[in-house]
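Read off the chains here:
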Amino acid sequence: MVATDDYAERLRLPWWLWLCGLAVAVLLALELWMGAGGLRAWVPFVVLIPLAVLGLWRAGRIRVAVEDGELTVDDAHIPLSFVTDAVPVDAAGKRELLGVGSHELAFVVQRPWVSGAVQVVIDDPADPTPYWLVSSRDPVKLAAAITARSAVNAPHPR
């Protein structure tokens with residue numbers, strides 16, 4: 001049996017965060033520009049605005065995908081044969097898992113502008129990581145894709 005329902009999403013920034021980030025960069029450039037002449041008049045704009053765009057783009061480029069028998073979060077990936085469970089988490093549960101209920105060895109990729117998350121429980125004898133906590137705009141779909149695909153994969157050898 002082969003599962004065909006792969007899942008992929010990108011944790012992009014909402015438009016209002018782009019607006020706020022660019023506004024801060026422009027205000028900072030204006031502050032540095034005030035009263036300056038010559039080179040100091042335009043350098044803050046040429047440097048700060050592209051840096052803000054680059055930083056905002058990098059913050060919103062995280063890709064979460066379940067495909068080819070692996071869970072991929074940005075550059076990290078794990079075979080689904082090591083996944084024992086995937087639990088969708090709401091905003092309150094995410095706050096709990098990031099706060100007092102956190103584990104010091106957990107792998108966390110969270111974005112504050114995304115309220116939901118998925119806790120992916122790991123059972124890998126070679127890795128001390130107990131779980132991954134991954135932000136997701138649709139945690140129920142992501143958890144369903146992980147559990148459906150991990151059920152298809154053969155259990156890992158012990």
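Structure's up top.
Residues numbered from 1 in each chain as written. Predicted model: local features only at pLDDT ≥ 70, side-chain atom pairs only at ≥ 80, totals over all residues. Heavy atoms only, no water.

Digging into the overall build of the chain
Right, so step 1: In terms of helices and strands, the chain carries 4 helices and 8 strands.
Right, so step 2: Listed by position from the N terminus, the elements making up the chain come as β-α-α-β-β-β-β-α-β-β-β-α.
Right, so step 3: The globule rule puts the C-alpha radius of gyration for 158 residues at 15 Å, and the 20 Å found for the chain is more than 25% above it.
Right, so step 4: Overall size of the chain, expressed as C-alpha extent along the three principal axes, is 70 × 35 × 30 Å. (Helix = DSSP H or I, 4+ residues; strand = E, 2+ residues; numbered from the N terminus. Rg over C-alpha atoms; globule rule 2.2 N^0.38 Å.)

A short note on the sheet that holds strand β5 (residues 83-89)
Right, so step 1: Pairing is mixed across the open sheet formed by 4 strands, whose spatial order is β5-β7-β8-β6. Here the strands that pair on one side only, and so sit at the sheet edges, are β5 and β6 (107-109). Across the sheet, the mean angle from the axis of one strand to that of its neighbour is 15°, orientation sign disregarded.
Right, so step 2: Here β6 runs beside strand β8 (residues 131-135); their pairing, made up of 3 bridges, is parallel. The partner of valine 108 across the bridge, within β8, is leucine 133. (Pairing = 2+ DSSP bridges. Axes fitted to C-alpha atoms, helices over the stretch in contact; angles between N-to-C directions.)

Remarks on the nonpolar core
Right, so step 1: One finds Val66, Leu71, Val73, Val120, Trp132 and Ile146 to be the most contacted residues of the largest nonpolar core, which totals 23 residues.
Right, so step 2: Within the residue set of this core, elements represented by two or more residues are β2 (63-67), β3 (70-73), β5, β7 (117-122), β8 and α4 (139-152).
Right, so step 3: Per element, the largest residue contribution to this core is 4 residues, and it comes from α4.
Right, so step 4: Look past the residues within four positions of valine 73 in its chain and what remains in contact with it is Ile62, Arg63, Val64, Val109, Trp132 and Val134.
Right, so step 5: Leu97, Ala117, Tyr131 and Leu133 belong to the second-largest nonpolar core, a separate cluster that totals 6 residues. (Core = buried A, V, L, I, M, F, W, Y, C linked by side-chain atoms within 4.5 Å. Buried < 20%, exposed > 50% of the residue type's maximum accessible area, 1.4 Å probe, protein only. Contact = heavy atoms within 4.5 Å.)

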